[in-house]
Each structure stands twice: as C-alpha cells, then as structure tokens.
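# Examining the three-dimensional arrangement
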Amino acid sequence: MAARMLFQTSNDLTLTIARIVLALVFLGHGTQKMFGWFGGPGFSRAIDIFEQTMGIPPALTVLAMVAEVFGGLGLLVGLLTRIAALGVLGVMIVAPFANGLYVRFFMNWQGRNPGEGYEYHLLAIALILVVLVHGAGALSLDRLLAGRTAVPASRKSFA
C-alpha cells in the first residue's frame, strides 16, 4: 500500500514538464559542483568555496551536491520522484538561510547590491511542491511501477 502511494501519479503531461524542468536545473547545478561540468568548480573546489566564503561544513556541501545530482536524476526519469523532490526541496529551503547571502527578495541581476534575492528559491519550492504532492506525471518510471504494484481486482478485499 505504501509503495503504491509513493509511485502513484496521474498521466499528466504538465507534471512531466514541471518534473523535467526541475531535473535539468538541479542536475545542472549539482554537476557543476560535483564534476565541474558547465563551468562549475568541481567537487574539491566547491567544498572549499562553500566552507571559505559561506562557512558551510564540507559534509553539508556534499549532502547538497548529492541531493542535487541524484535528486535531479530521479526527477529526470521519474523514479522515486517524491523522494527526489524532498531532497531538492531541502536544498532550496536551507540555501537562503545557510549563508546569509540572500538578504532581499529580488535577485541581484546587475550586481549593484550586496547579496542576492530569494525569489528563485520560492519559485523552485512552489514547483517542487507540485511534483511532491502530485507525483511524476506521464512518461515516468513511477507511473510504470504504480501500474505494476496495483492490487488485482481478484485480490482486493471487500468490507
């Protein structure tokens, strides 16, 4: 029963789009930190940057990288989508508070103000919550698995 609830989702293409967009964003950010892809610092340098500039302990930096990369992968294929969404949700909730850089609402597009804004985090959190509540949508491994874990009509109990 719990497994079925974990995988349950509708055949909704809108959820698929939301899930894939989230996946690409988090995979991009995570692979920058973990592997140095897309001009990112890579594992060792990311740990140094987070510790030296923001005072974030290495273990928490690694946890954020893992949540972004593996959460992004889970979201991309729609496997254990709710668990993947919880991982990236944790990153988005903690990030604005963890380093004190996000001191205003609006992002600092021109670099004229000190710090950054947290509007991006709020948008990501809202989208993550949609996927967390409603699941992976169409074209997902969760949807495929939900069909396989359904209880056959002959084995359902009637009260």
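Scroll up a little and you will see the structure.
This write-up is about the structure you can find in this document.

Procedures and definitions
- Residues numbered from 1 in each chain as written.
- Predicted model: local features only at pLDDT ≥ 70, side-chain atom pairs only at ≥ 80, totals over all residues.
- Heavy atoms only, no water.
- Core = buried A, V, L, I, M, F, W, Y, C linked by side-chain atoms within 4.5 Å.
- Buried < 20%, exposed > 50% of the residue type's maximum accessible area, 1.4 Å probe, protein only.
- Helix = DSSP H or I, 4+ residues; strand = E, 2+ residues; numbered from the N terminus.
- Contact = heavy atoms within 4.5 Å.
- Expected span 1.5 Å × (residues − 1).
- Axes fitted to C-alpha atoms, helices over the stretch in contact; angles between N-to-C directions.
- Left-handed = near helix turned anticlockwise from the far one by under 90°.
- Nonpolar A, V, L, I, M, F, W, Y, C, P; charged D, E, K, R; others polar.

## With respect to the nonpolar core
In this structure, Leu22, Phe26, Leu75, Met92 and Ile128 are the most contacted members of the largest nonpolar core, which totals 18 residues. Of all the secondary-structure elements, those providing two or more residues to this core are helix 2 (13–35), helix 4 (58–77), helix 5 (81–98) and helix 6 (119–134). Ignoring anything within four residues of it in the chain, the contact list for Phe26 reads Glu68, Gly72, Val88, Met92 and Ile128. In this structure, Met34, Ala46, Ile47 and Val69 belong to the second largest nonpolar core, which totals five residues.

## Focus on helix 5
Counted at 1.5 Å a residue, the expected span for helix 5 with its 18 residues is 26 Å, and the 25 Å between its end C-alpha atoms agrees. All buried positions along helix 5 are accounted for by Thr81, Arg82, Ala84, Ala85, Val88, Leu89, Val91, Met92, Ala95 and Pro96.

## Things to note about the environment of Gly117
With respect to the helices and strands, the residue Gly117 is situated in strand 2 (residues 116–117). A relative accessible area of 1% places Gly117 in the buried class. On a C-alpha basis, the gap between Gly117 and Leu132 in space is 24 Å, while along the polypeptide they are 15 residues apart. Excluding residues within four positions of it along the chain, Gly117 makes contact with Tyr102, Arg104, Phe105, Phe106, Met107 and Asn108.

## Observations regarding the packing of helix 4 against helix 5
The contact between helix 4 and helix 5 brings their axes to 8 Å, and the two run at 145°. Relative to helix 5, the crossing made by helix 4 is left-handed. Across from Ala64, Ala67, Glu68, Gly71, Gly74 and Leu75 in helix 4, the residues of helix 5 making contact are Thr81, Ala84, Ala85, Gly87, Val88 and Val91. When grouped by side-chain class, the residues that make up the contact of helix 4 with helix 5 number seven nonpolar, four polar and one charged.

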